[in-house]
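# Residue-level structure breakdown
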Amino acid sequence: MKRNRIILSLIACTLTLTGCDDQIMEWQKADGNINSSEIPLELNEKIALYSSIKTYAGQFTPNMTIGLGLGADLYINDEAYRKVADDNFQMFTTGNAMKHDAIVKSDGTLDFTTMDNFINIVPADIKMYGHNFIWHTQQKQDYLRKLIAPTMHIESDGNIANVLSGDNSNFNGGTLGGWGSWGSNKESQNVENNSGPDGSACMVLKNKDDGQAYSAQCAYEFTDYLETNKTYIIKFKAKSSSNSGELQFQYQNSSSGNQGGYQTFDVGTEWNTFEYEFTVNETHTDVTRIILNFGKVNATYYIDDIEFGLKITENSKQRNAIRSSITYTFKTPEEKKAALETAMEAWIKGMLEHIKNDNRFVAWDVINEPIADGSNEWRGINNVFGGTDGDGNPDTEPVEDPENGLLLNWADNHFYWGYYLGKGYATKAFELARQYAPANMKLYVNDYNLEISPNKLAALIDFVKYIDENNATGQPIVDGIGTQMHVTASSITREQIDAMFQTMAATGKLVRVTELDVALGTASPSAEQLELQANVYQMIFESYKANVPEAQQSGITIWTLSDNAAEHEYWLPDESPNLFDGNYNRKHAYKGVCDGIAGKDISEEFSGDDWKNISSEEESTSEE
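Just so you know, these numbers come straight off a predicted model, no measurement behind them.

Quick notes on the rules
Residues numbered from 1 in each chain as written. Predicted model: local features only at pLDDT ≥ 70, side-chain atom pairs only at ≥ 80, totals over all residues. Heavy atoms only, no water. Helix = DSSP H or I, 4+ residues; strand = E, 2+ residues; numbered from the N terminus. Buried < 20%, exposed > 50% of the residue type's maximum accessible area, 1.4 Å probe, protein only. Contact = heavy atoms within 4.5 Å. Areas by Shrake-Rupley, 256 points an atom, 1.4 Å probe, with all protein chains shown as cover. Phe/Tyr/Trp six-rings, centres within 6.5 Å; stacked < 30°, edge-to-face > 60°. Arc of directions from axis to C-beta. Pairing = 2+ DSSP bridges. Axes fitted to C-alpha atoms, helices over the stretch in contact; angles between N-to-C directions. Left-handed = near helix turned anticlockwise from the far one by under 90°. Nonpolar A, V, L, I, M, F, W, Y, C, P; charged D, E, K, R; others polar. Polar contact = N/O pair within 3.5 Å; in protein donor to acceptor, adjacent residues only side chain to side chain.

### Quick word on the overall build of the protein chain
Secondary structure summary: the protein chain contains 17 helices and 24 strands in total. A total of 624 residues make up the protein chain; the buried ones form 50% of that total. Of the contacts formed within the protein chain by residues at least 6 apart in sequence, a portion of 76% connects residues at least 24 apart. On the protein chain, roughly 27,800 Å² of surface is accessible, and the fraction owed to carbon and sulfur atoms is 44%.

### Describing the packing of aromatic side chains
With the rule as written, the count across this model stands at 40 aromatic pairs. Considering the side-chain rings of Phe-92 and Phe-118, the 6.4 Å spacing of their centres and the 45 degrees angle between planes classify their relative orientation as tilted. In this pair, Phe-92 is assigned in strand β2 (residues 91–94) and Phe-118 in helix α8 (residues 113–119), connecting sequence segments 26 residues apart. Take Phe-92 and Phe-118: they sit in the same class, and that class is buried.

### A look at unusual backbone geometry
Of all residues except glycine, most have a negative phi; of all peptide bonds, most are trans. Put simply, His-131 and Asn-132 share a cis peptide bond, and its omega is -5 degrees. Tracing the backbone shows Asn-132 in strand β3 (residues 127–134). Although it is not a glycine, Asp-305 adopts a positive phi angle of roughly 50 degrees. Of the residues examined, Asp-305 reaches a relative accessible area of 22% and is grouped as partly exposed.

### Some points on helix α4 (residues 53–60)
What α4 keeps buried is the set Ile-53, Tyr-56 and Ala-57. Angularly, the buried residues of α4 cover 105 degrees about the axis, an arc narrow enough to put them on a single face. Looking at the buried side of α4, the elements it contacts are β1 (65–70), α6 (79–88) and α16 (588–598).

### Some details on the sheet that holds strand β6 (residues 179–182)
With antiparallel pairing, the five strands of this open sheet are ordered in space as β6-β9-β14-β11-β12. Here the strands that pair on one side only, and so sit at the sheet edges, are β6 and β12 (259–267). Taking the axes of each pair of neighbouring strands and ignoring which way they run, one obtains an average angle of 20 degrees across the sheet.

### A look at the pairing of β12
Strand direction decides the pairing type here: strand β11 (residues 245–252) and β12, joined by seven bridges, are antiparallel. Bridging across to β12, Gly-245 finds its partner in Val-267. Following β11, the chain reverses through six residues before pairing antiparallel with β12; Gly-257 in that reversal takes a positive phi of roughly 90 degrees.

### Points about the packing of helix α12 (residues 424–436) against helix α13 (residues 454–470)
Two elements in contact, α12 and α13, have axes whose closest approach is 9 Å; the angle formed by their N-to-C orientations is 65 degrees. Between α12 and α13 the crossing geometry is right-handed. Between α12 and α13, the contacting residues are Tyr-425, Ala-426, Thr-427, Phe-430 and Glu-431 on the first element and Phe-463, Tyr-466, Ile-467 and Asn-470 on the second. Considered class by class, the residues forming the contact of α12 with α13 number six nonpolar, two polar and one charged.

### With respect to the side chain of Thr-94
Relative to the elements of secondary structure, Thr-94 occurs in strand β2. Residue Thr-94 is classed as buried on the basis of its relative accessible area, which comes to 1%. Residues in contact with Thr-94, not counting those within four places in the same chain, are Leu-70, Ala-72, Phe-118 and His-131.

### Overview of helix α9 (residues 141–148)
Taking burial as the measure, the eight residues of α9 include seven buried ones, the bulk of the element. Along α9, the residues classified as buried are Gln-141, Asp-142, Tyr-143, Leu-144, Lys-146, Leu-147 and Ile-148.

### Structural notes on the side chain of Asp-447
By the element assignment, Asp-447 lies in strand β20 (residues 442–447). By relative accessible area, Asp-447 is classed as buried at 0%. Polar contacts involving the side chain of Asp-447 include one to the main-chain amide nitrogen of Ile-371, which spans 3.1 Å. Beyond its immediate sequence surroundings of up to four residues, Asp-447 is in contact with Glu-369, Pro-370, Ile-371, Lys-456, Leu-460, Gly-482, Thr-483 and Gln-484.

### Quick look at the pairing of β1
When you tally the buried positions in β1, you get six out of six residues, the bulk of the element. Of the two faces of β1, the one carrying Thr-65, Gly-67 and Gly-69 and the one carrying Ile-66, Leu-68 and Leu-70 are both buried. With four bridges connecting them, β1 and β2 associate as parallel partners. Considered in β2, the bridge of Leu-68 is made with Phe-92.

Below is the structure:
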C-alpha cells in the first residue's frame, strides 16, 4: 500500500511563511533558508510516516500478538486487501471460513476447500487463530437436526388413481421409464437390480455435492396438463446413503416456468414411504411435469414404487377415501446425546487433524458466546437460548410431538448443543479439543459485552471454572479467556476497560482481545470523531498492557481490516469502525493503535526532514 501523503509545494511553503509573525520573519532572514526539520507536520503526514503495526509490535510488545479478523474470500481474491493484511498483522482469524456451517456438509462430511485456499496463500510467518468449534449460530442445523429427529412413517389405507405403471413406477423392467434427470449437481441416474425394498430393481440418483435442492432434478413429463383445483397425491418409497438425505417434490411447466407444490422429505438410511397431497393452483393451468429434486444433500438416493394421480374421494364416486396416517419413532435422550457427541468429535477431530502439521495454528476458540445476555445463564440450559431470527423472533424450546415430529423452533443454522447434552457439552468440547490439538495450541472461551457487563463476565469465569473442574483430565483445561470488545467510541470508558482486564487477569488465564472494533455510529465520520476513535483504540491497548501481566498477554485482534462496504455487508453496516478506510488508506485510528502498542506518541520523533525524504523517494519511484 502506498502511504497517504500531501507534498508541500514551494508555493504553499512560501504562503505559509509570509503569514507568520515578525519573529519568524527575522529568523528566516537571519538563516537565509528554511530548515525543513522545523516545519510542523500535518496529521496525515505523520500517519504516513508510521511503520507497519507489526513492526511496532515486534519492537515494543514482543510478548503479545497483534492479529486481524478477516474475510477469507476477500483475502483470496483482493490483492490490495491481502497486501495490507500481510504487511501489518502477525496473526489471522477468519470471520466465517472455519465455522461449523462453512466446513460441515449436510451429510456430516467436512469440506476444507475455502479454508485450504486461504491458508495456502498466507505467509509462513503469520500465525493462525481458529474460530470456532462450538457456537449457537452458524451451525449446520439441517445435519444436526436429522441426527436427533424421529423417524417418520406414512401409511395410506385408500387408493390413488395412479397413472404410473411398469418402469415408470417400479423399474423392474430394468429401465428408467419416463424419468429423466439433469442439473449442475447431478452425477448419475440409473436402475440397480436387487436394490429395492423387496429385493427387486429401483431407481438410483446420485449428486455431486451439497447445493440447492433444484441443482439436481429428476422429473416425469405428462402429455396433458394436470387439472387445476383438483387434489393429487405423490407417493413413493425411498432411502439415502446419508442420515441427512433430503428430497423435494414440486410440479412445473417446463416451457412457461410455472411451478409450485413444494414439499421436502427427510430421507434417512432405511427404506421409508413418503406421501404428499396437493392441489394444483388455479394460476398454474399448464402443469405437465412432476419433479423430485435431489441436489440439496450430497448422497445417493434409492427410489421405488412411485405412485401418482388424483386423490380418490367420495365425490369422485370411488369407494375408498384417502386417509393418510403419519407416525413417528422417537429417539431417546440417550440416543440423541450419543449421536450429537459423535458428531462433535467428528467435527473437532476432523478440523484439528487437518491442520496438525501446520505450526502456524497456535490457538482456537473452542466455545464462542456461551453466556446469554440479560440472564447471564448458559445458552441452551434450562430453556435459556438468547438467539433470534432475522426478524427478531426469539429462539424457543423445541417441540416433539406425534403430529409434527421435531420442531426445533430455532432460527436457521442455530443449534444449542447444551439443550441436548446438558452442561457436559462444554467439558466434552474442551476434552476433544485437548485430545486432538497439538500440545502447544492454546484453547479459549470467547464472549462479548464483557467490558460493559461485569455480571456477564462473572458468569463466563464461572463457566470456565466449571470446565476446569469437571473435565475428564482432572486438570485445568481452558488456557485463555477472550473478550470480543465491539465497543462504541462515544460511550466506552477507561474505568470499564480497566475493571474488565483486572477481573480477567485475576483468573490467571491468558487474556486475549479477540474481535476489537470501535464504532462511530456513521459511515461518514468527522475529523473529531476520527480523533475520538483513535484515542479509544489507544486507550484499550494501554489499559490492556497496564492491567494484564505480561505472562498473560496473549494479544489483541482487530476485527476486520477496513471500512470498505464489502466487509460490512452484514457486520456493522453503514459504519466506519476500522483502522483503514474504504480504499485501504490509514486512518487516524492506525496512529492510535501504533501509539498504544508503543506506549507513546511515535510521531513526536518525526520531523520535516522525514517527510521531505519520503516525498522525494516516492516521487523518484513514481518517475521510474
